[in-house]
Each structure stands twice: as C-alpha cells, then as structure tokens.
Amino acid sequence: MPSLSEETKGRVSTLMPGSTIGIVGGGQLGRMMALSARYMGFKVGVLDPTENCPTAQVADFQVTAAYDDTAAIRELAERCDVLTYEFENVDADAIDEVRHLAAAPQGTDLLRVTQDRVNEKRFINDHGTDTAPWRAVNSIAELESALGEIGYPAVLKTRSGGYDGHGQTVLRSEADLDEVRGFGDFAPSILEGFVDFAFEASILVAGNGKDFVTFPIVRNEHRNNILHMTVAPAEVSEDVAQAAHELALRLADGFALAGTLAIELFVTEDGRVIVNELAPRPHNSGHYTIEACSIDQFDAHVRGIAGWPMPQPKLLSPAVMVNVLGQHVEPTRALIGEHPEWNVHDYGKAEGRHDRKMGHITVLTDDTAATVAAIEGTGCWNDLR
Ligand code: AMP
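Computed from a predicted structure; not experimentally measured. (Residues numbered from 1 in each chain as written. Predicted model: local features only at pLDDT ≥ 70, side-chain atom pairs only at ≥ 80, totals over all residues. Heavy atoms only, no water.)

Draft legend 1. Quick look at the site of the ligand. Inspection of the region around the ligand gives 17 residues, with K157, E192, V195, E200 and E277 positioned closest. Between R117 and the ligand, the recorded distance is 3.2 Å, taken from a side-chain N or O atom to an oxygen atom. Listing elements by their share of the shell around the ligand, those giving two or more residues are β6 (154–158), β8 (189–193), β13 (258–267) and β14 (273–279). Along the lines of polarity and charge, the residues of the shell around the ligand split into 5 nonpolar, 6 polar and 6 charged. (Near = heavy atom within 4 Å. Polar contact = N/O pair within 3.5 Å; in protein donor to acceptor, adjacent residues only side chain to side chain. Helix = DSSP H or I, 4+ residues; strand = E, 2+ residues; numbered from the N terminus. Nonpolar A, V, L, I, M, F, W, Y, C, P; charged D, E, K, R; others polar.)

Draft legend 2. Region of interest: the pairing of strand β9 (residues 199–208). Of all 10 residues that make up β9, 10 are buried, and the element is covered over most of its length. Neither face of β9 is open: one carries F199, A201, I203, V205 and G207, the other E200, S202, L204, A206 and N208, and all of them are buried. Where β9 meets β13, 10 bridges bridge the pair, whose relative direction is antiparallel. Residue pairing for β13: E200 is matched across the bridge by F266. (Buried < 20%, exposed > 50% of the residue type's maximum accessible area, 1.4 Å probe, protein only. Pairing = 2+ DSSP bridges.)

Draft legend 3. Spotlight on unusual backbone geometry. Put simply, Y152 and P153 share a cis peptide bond, and its omega is -10°. Along the chain, the position of P153 falls in the loop between α7 (140–150) and β6. Notably, N224 is not glycine yet its phi reads approximately 50°, a positive angle. Turning to its location among the elements, N224 is positioned in the loop between β11 (218–223) and β12 (226–232). Not every positive phi belongs to a glycine, and A256 is a case in point at roughly 45°. Here A256 lies in the loop between α9 (238–255) and β13.

Draft legend 4. Representation of helix α11 (residues 297–305) in the model. Among the 9 residues in α11, 9 count as buried, and that is most of the element. Contacts made by the buried residues of α11 are with β1 (20–24), α2 (28–39), β4 (82–85), β9, β13 and α10 (289–292). The N-capping residue of α11, defined by a side-chain oxygen 2.6 Å from the backbone nitrogen of F298, is D296. One or two residues past the end of α11 sits G307, with phi positive at roughly 70°. (Contact = heavy atoms within 4.5 Å.)

Draft legend 5. A look at the nonpolar core. One finds I263 and L265 to be the most contacted residues of the largest nonpolar core, which totals 48 residues. For this core, the leading source of residues is α9, giving 8 residues. Looking at which domains feed residues into this core, each of domain 1 (4–104) and domain 3 (197–378) gives three or more. When near neighbours in sequence (up to four residues on either side) are disregarded, I263 contacts A201, S202, I203, V205, L247, A248, L251, V275, E277 and L278. Counting 23 residues, the second-largest nonpolar core is a separate cluster that includes I21, M32, V44 and V46. (Core = buried A, V, L, I, M, F, W, Y, C linked by side-chain atoms within 4.5 Å. Domains from an automatic or database assignment.)

Draft legend 6. Representation of helix α3 (residues 70–79). Where α3 is concerned, the buried positions are A72, I73, L76 and A77. Viewed along the axis of α3, the buried residues span an arc of 140°, placing them on a single side of the element. Projecting away from the buried face of α3 at angles above 90 degrees are the exposed residues A71 and E78. In this structure, the buried side of α3 is in contact with β1, β2 (43–48), β3 (61–64), β4 and α4 (92–97). Taking the backbone nitrogen of A71 as reference, a side-chain oxygen 3.0 Å away marks D69 as the first, capping residue of α3. (Arc of directions from axis to C-beta.)

Draft legend 7. Layout of a negative patch on the surface. On the surface, D68, D69, D91 and E97 cluster together into a negatively charged patch. Here D69 lies in the loop between β3 and α3. Look at D69 and you get partly exposed, because its relative accessible area is 31%. (Patch = residues over 30% accessible without salt bridge, like charges linked within 9 Å, V, L, I, M, F, W, Y side chains within 5 Å. Areas by Shrake-Rupley, 256 points an atom, 1.4 Å probe, with all protein chains shown as cover. Salt bridge = Lys/Arg side-chain N within 4 Å of Asp/Glu carboxyl O. Lys, Arg positive; Asp, Glu negative; His and termini not counted. Charge placed at Lys NZ, Arg CZ, Asp CG, Glu CD.)

Draft legend 8. Expanded view of the sheet that holds β2. With parallel pairing, the 4 strands of this open sheet are ordered in space as β3-β2-β1-β4. What marks the edges here is a single partner per strand, and that holds for β3 and β4. Taken over all neighbouring pairs, the strand axes of this sheet differ in orientation by 25° on average, direction set aside. Pairing of β1 with β4 involves 4 bridges; the strand directions are parallel. Pairing of V24 across the sheet is with Y85, part of β4. (Axes fitted to C-alpha atoms, helices over the stretch in contact; angles between N-to-C directions.)

Draft legend 9. Main features of the side chain of S285. Checked against the element boundaries, S285 lands in the loop between β14 and α10. Within the local environment of S285, its side chain forms a polar contact with the side chain of S202, the two groups lying 2.8 Å apart. Separated by 2.7 Å, the side chains of S285 and H283 make a polar contact. In this view, S285 contacts S202, V218, N220, L227 and T230; residues no more than four positions away in its chain are not counted.

Quick look at the structure:
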C-alpha cells in the first residue's frame, strides 16, 4: 500500500457548481448524495447495473454496467469531473487507472484500508484507537493458535467482502471450532475477541482533505444484523462523547479525509469506546442528519469531495430514525396519514424484498424514549421483536 501522506498530497481541488460528480453505485446512499449534489448545482452521473436504480432517478445520467466493469468506470470518468462511491467494495485499481480522466478526491488508500478488515484494524490501532483484540488467520492452524491467545468467545470474519453480519461466525466453544474445520476452504480471515458491549453506537466525521468536523455520537440498534433504529444523540457521558469525537478526528486526519466517513463503535458498561469498523461513505446510521442537523452527512460528503469549507454540524433536535425494510413498506404506508411527525423517505426501489432497505422514517423529538416506544407501538416493526 502506498504511504498515505504521499498518496493524499494535494488531492482535493475546489469544484464549482456546474461540474459533474460521478457516483459508483446507485442505491439509496448514492441517491441521497445526488440530491445534495444537485441542490448545490452539481450534475450527477451514476454507474450501476440496474436500469433506473434509486440514484439514476435523481441523476443526470446513468452508465448501466457492473460496478467492476473497467470500460464502464472509464466512461463514467470521461463524463465526470470527480468520482466518488456509495459503497466500499469498489475496485481501487480501476479507480486509480482513470484518475487522469477524473479526480478521486477521497483517494484510493481509504478504499484499500476499509475493504480489508486486517488493514482496517491495523490502521485504527496505529492511530491510537482501540479495537477488539484481533489476529489475521489464514488457516485452521493459525485459527487454533489465535484462539489460544484471544480465547472464547471470539468472532471469525472474512477479511473482505462481508457486510451486515454476512461472512462472520461467533465461536463460543470447541464445538464451533469443529464446525469451522468442516467448512472446507478457509478464506483469509480475522479473529476478533468478542466485545461484551453495553450498546452499539456510531459517529460520522467529514472533511475536505484538511479540515474535519464530527457529528454527534448516536446509539444504534440492530435486528438480525441489520440496522433497525438510530437514536440521536446517544445517551452517553461527556467522557464517552469526547472519546468518540477525538478518535473520529484522529482517523479523519490519518486519512486526510475528503467526504464522509462512518465509524461503528461498541460502548462498554465501563465507558470504553471501541471501534468495530469503518465505512468510507455516508452511512445508514447517519440518515437522521437530514432533518436533525444543520448540515447533513450527504451535504458534508459532497462539500468535502468538492473541496469546500466544512461547517461544524449542529444537532438541531434529538431524533429517532427507523429503517423501512421490504416487509415494512405496506404497514408503514397504511399509517402515513396518521403520522404527521414521520419524515418519510422512500428510495424508489422497484422490488420490495424481505429485509431489503426500502426507505426510512425520521422523527424529531424532545423525548427519544417515548418516540421509540411510539414507533414500536405502531406494530409496523413487530416482525423484528
Ligand atoms: P460487522 O459486520 O463487523 O459490522 O458485525 C456485525 C455485527 O456483529 C455488529 O454490529 C455487532 O453486533 C456484532 N459484532 C461484530 N464484531 C463483534 C465483536 N468483536 N464482538 C461482539 N460483537 C460483534
């Protein structure tokens, strides 16, 4: 991997309205990025294999092709001034190959670090920040030896390609290890100590390559490994909030961050803040910022990659964000008329499969606990109880 300081030097130049931003990936994150970009006067192109994908519906043009189609990435670069992405599993080499055609203000080191859990953990630790204890493991023998050091319970994750709990197994005993022995092929993996967290949280940080700003720390609830709800702000002590802001700024500085970075955290009962993973882009747990903050995570992303100054985001109101998965579309639509407080977002996806993220609802509130209870009380999300 090239040294970050060399790779990032002079990377972000100022982009004026009228310029074109190319987004690799056309889902809801790309869509909300595009909406921000458009109100600032940028044009938007998107690369996605699905015709009329959520981002294409609000963009100026779509290149319809697979994300790793290098000819398509080149076409996007030829038609755009800068490239960005809405997910981390983008081919970093393919982006590097077209950087003479369009700028990549986020650089590609950020991608290379965050696509590989071992690189990611090392980067986080090198920047003075705690993670679960971890070992890279490439074989059953290495796994056995790592378990000897880390102990049970532990979490085995593939180094790359995993998301929302896919590609990971919790090992609680020898019996679970036996099961892994039976898997056959052993993909390059990481073994992490199991963190006995009090709750999960996240914090967003955004930058323009030089200056960095943080959003409030928020509490996240997952169901079946998918984000269900975000409560902003998280009910944490000053010390915990401070620790989260400081680690976010250290990581942003380490990356010379341009755009938005999401940091997923574990907070322990005794107030330790441990980084789980990074997402080099806006994040589902940051959707509340659209209504609840003075600048939202998508605006911040666009400003950052455009090299604009970064205003400090202010929380204007506490908020609760709940995801609308495929199975929640009908029940929530049936109740829209009864809930003026619901800020309803629909991503325009053609097909509403079970567990597929179709939209979200944000409620601004002075009483987050009462709002959480009211949302659950509608019964729309009863399948997740
Ligand atoms: P990830 O794909 O790394 O975000 O993991 C998905 C979920 O698994 C997290 O949101 C946690 O709930 C859980 N998890 C992941 N790693 C650990 C760990 N080291 N200790 C405890 N729980 C974990």
